[in-house]
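# A structural walkthrough
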Amino acid sequence: MLQTTGLEYQYGKRKLRFPALYCGAGEVLLITGSSGAGKTTLLHLLAGLLLPQSGEVRIADTVTTRLPAAEMDRFRGAHTGIIYQQPHFIAALQVRDNLLLAGRLARKPVTPEAVNRITHALGIHHLLQQYPARLSQGEQQRVSIARALLPAPPLILADEPTASLDDHNCTAVAELLAEQAGEQQAALVIVTHDSRLKEVFANRIHIGEG
Ligand SMILES: Nc1ncnc2c1ncn2[C@@H]1O[C@H](COP(=O)(O)OP(=O)(O)OP(=O)(O)O)[C@@H](O)[C@H]1O
């Protein structure tokens, strides 16, 4: 499903080199690394939000690193659910409408029943009529997870999805993410320095020194 080779990205004089990655449909790949190791950069390369100086990203049968920018945007919208480190929502819309909007943007139907099911599973159903700014960081993180999962994309990329969660929610959210990925036969890539996740996922790769 997801495969990379020889990815390199340069910020000024600092060049980041990444190992080859593979994550099949229905699998979870955990990418760990200390702060500054390049985890977010790698995730943005996988999402096509950054273009590498060298190397390739292949998603299903498409080499996304060769797509022109507009096509990359369309491809990402249809194929990739992203859970960002800092979630962004439409402030004027309630949580429910933010979630329904995700389906429209991905051009995949998201039903109110699906919204109910996933928000119950994530323990945020009681927040559907709230405005995002009134949620705690951990609640926003769970809404962000629901938003990424709802259109059932074949690839889910998660940047520190459990950083703001307590131990109970950390395990629950990690298990739900993996379960959904398995059910939807999606490839799930998580980048994190949250060592709690190492106990949940066996398929791991470490980037950076140390
Ligand atoms: N826009 C930028 N301009 C210059 N350097 C950058 C930029 N973004 C990131 N870097 C540098 O690239 C390196 C990797 O950054 P990145 O955010 O990918 O790391 P990370 O592993 O996700 O870190 P953290 O766990 O702290 O979020 C860091 O040394 C960072 O300072």
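Cut-offs applied
Residues numbered from 1 in each chain as written. Predicted model: local features only at pLDDT ≥ 70, side-chain atom pairs only at ≥ 80, totals over all residues. Heavy atoms only, no water. Helix = DSSP H or I, 4+ residues; strand = E, 2+ residues; numbered from the N terminus. Rg over C-alpha atoms; globule rule 2.2 N^0.38 Å. Buried < 20%, exposed > 50% of the residue type's maximum accessible area, 1.4 Å probe, protein only. Areas by Shrake-Rupley, 256 points an atom, 1.4 Å probe, with all protein chains shown as cover. Lys, Arg positive; Asp, Glu negative; His and termini not counted. Charge placed at Lys NZ, Arg CZ, Asp CG, Glu CD. 1 Å grid on protein atoms, 1.4 Å probe; cavity = no way out; pocket = protein on both sides within 12 Å on 5 of 7 lines; lining within 4 Å. Points joined across faces, edges and corners; volume = space filled by probe spheres on them. Nonpolar A, V, L, I, M, F, W, Y, C, P; charged D, E, K, R; others polar. Near = heavy atom within 4 Å. Polar contact = N/O pair within 3.5 Å; in protein donor to acceptor, adjacent residues only side chain to side chain. Pairing = 2+ DSSP bridges. Axes fitted to C-alpha atoms, helices over the stretch in contact; angles between N-to-C directions. Contact = heavy atoms within 4.5 Å.

- The name an unreviewed UniProt entry assigns to the protein chain is ATP-binding cassette domain-containing protein, from the organism Chitinophaga agrisoli.

### Re the overall build of the protein chain
- Looking only at helices and strands, one finds 6 helices and 10 strands in the protein chain.
- In terms of overall dimensions, the protein chain is globule-like: its C-alpha atoms have a radius of gyration of 17 Å, near the 17 Å expected for 210 residues.
- Looking at the 210 residues of the protein chain, the share that counts as buried comes to 49%.
- Surface exposure of the protein chain reaches about 10100 Å², of which carbon and sulfur atoms provide 50%.
- Here the protein chain carries 20 positive and 19 negative side-chain charges, and the mean point of each set is 7 Å from the other.

### Observations regarding the layout of surface pockets
- As a volume, the largest pocket reaches approximately 520 Å³.
- Lining the largest pocket are 21 residues; nearest its centre among them are Thr80, Ile82, Ala102, Leu105 and Arg147.
- Elements supplying a minimum of two residues to the lining of the largest pocket: helix H2 (69-79), strand E7 (80-83), helix H3 (95-105) and helix H5 (137-149).
- In terms of residue class, the lining of the largest pocket is built from 12 nonpolar, 6 polar and 3 charged.

### Some words on the site of the ligand
- Taken together, 13 residues are adjacent to the ligand, and Arg14, Ser35, Lys39, Thr40 and Thr41 come closest.
- Interatomic distance of 3.5 Å between a side-chain N/O atom of tyrosine 11 and a nitrogen atom of the ligand.
- Note that an oxygen atom of the ligand is positioned 2.6 Å from one of the side-chain N or O atoms of serine 35.
- Across the complex, the protein chains shield 59% of the 640 Å² of accessible surface that the ligand would expose by itself.
- Going through the elements one at a time, strand E2 (14-17) and helix H1 (39-47) are the ones with two or more residues in the shell around the ligand.
- With 3 residues, H1 is the largest single contributor of residues to the shell around the ligand.
- For the shell around the ligand, the class distribution of residues is 3 nonpolar, 8 polar and 2 charged.

### A short note on the sheet that holds strand E4 (residues 28-32)
- Read from one edge to the other, the open sheet built from 5 strands follows the order E7-E8-E9-E4-E10, with strand pairing classed as parallel. Single-partner strands in this sheet number two, and they are E7 and strand E10 (204-206). Here the average twist between neighbouring strands, direction ignored, is 15°.
- Pairing geometry for E4 and strand E9 (residues 187-192), over 5 bridges, is parallel. Across the sheet, threonine 32 pairs through a bridge with threonine 192, a residue of E9.
- The strands that H1 touches are E4, E7, strand E8 (155-159) and E9; relative to E8, the one it contacts most, it runs at about 160°.

### Quick look at unusual backbone geometry
- Positive phi, close to 55°, is recorded for alanine 60, a residue that is not glycine.
- Considering the arrangement of structural elements, one finds alanine 60 in the loop between strand E5 (54-59) and strand E6 (62-63).
- A residue is classified by how much of its surface remains accessible, and alanine 60, at 41% relative accessible area, is partly exposed.
- One non-glycine residue, glutamate 160, adopts positive backbone phi at about 50°.

### Topic: the pairing of strand E1 (residues 2-11)
- Two strands pair when backbone bridges link them, and E1 and strand E3 (residues 21-23) are joined in this way by 3 bridges, in the antiparallel orientation. Across the sheet, residue leucine 2 finds its bridge partner in E3, namely cysteine 23.
- Two strands pair when backbone bridges link them, and E1 and E5 are joined in this way by 5 bridges, in the antiparallel orientation. Within E5, the position partnered with threonine 5 by the bridge is glutamate 56.
- Where E1 and E2 come together, 4 bridges link them in antiparallel fashion. What sits directly across from glutamine 10, in E2, is lysine 15.
- A loop of 2 residues connects E1 with E2, the two strands running antiparallel in sequence, and glycine 12 in this loop sits at a positive phi of about 55°.

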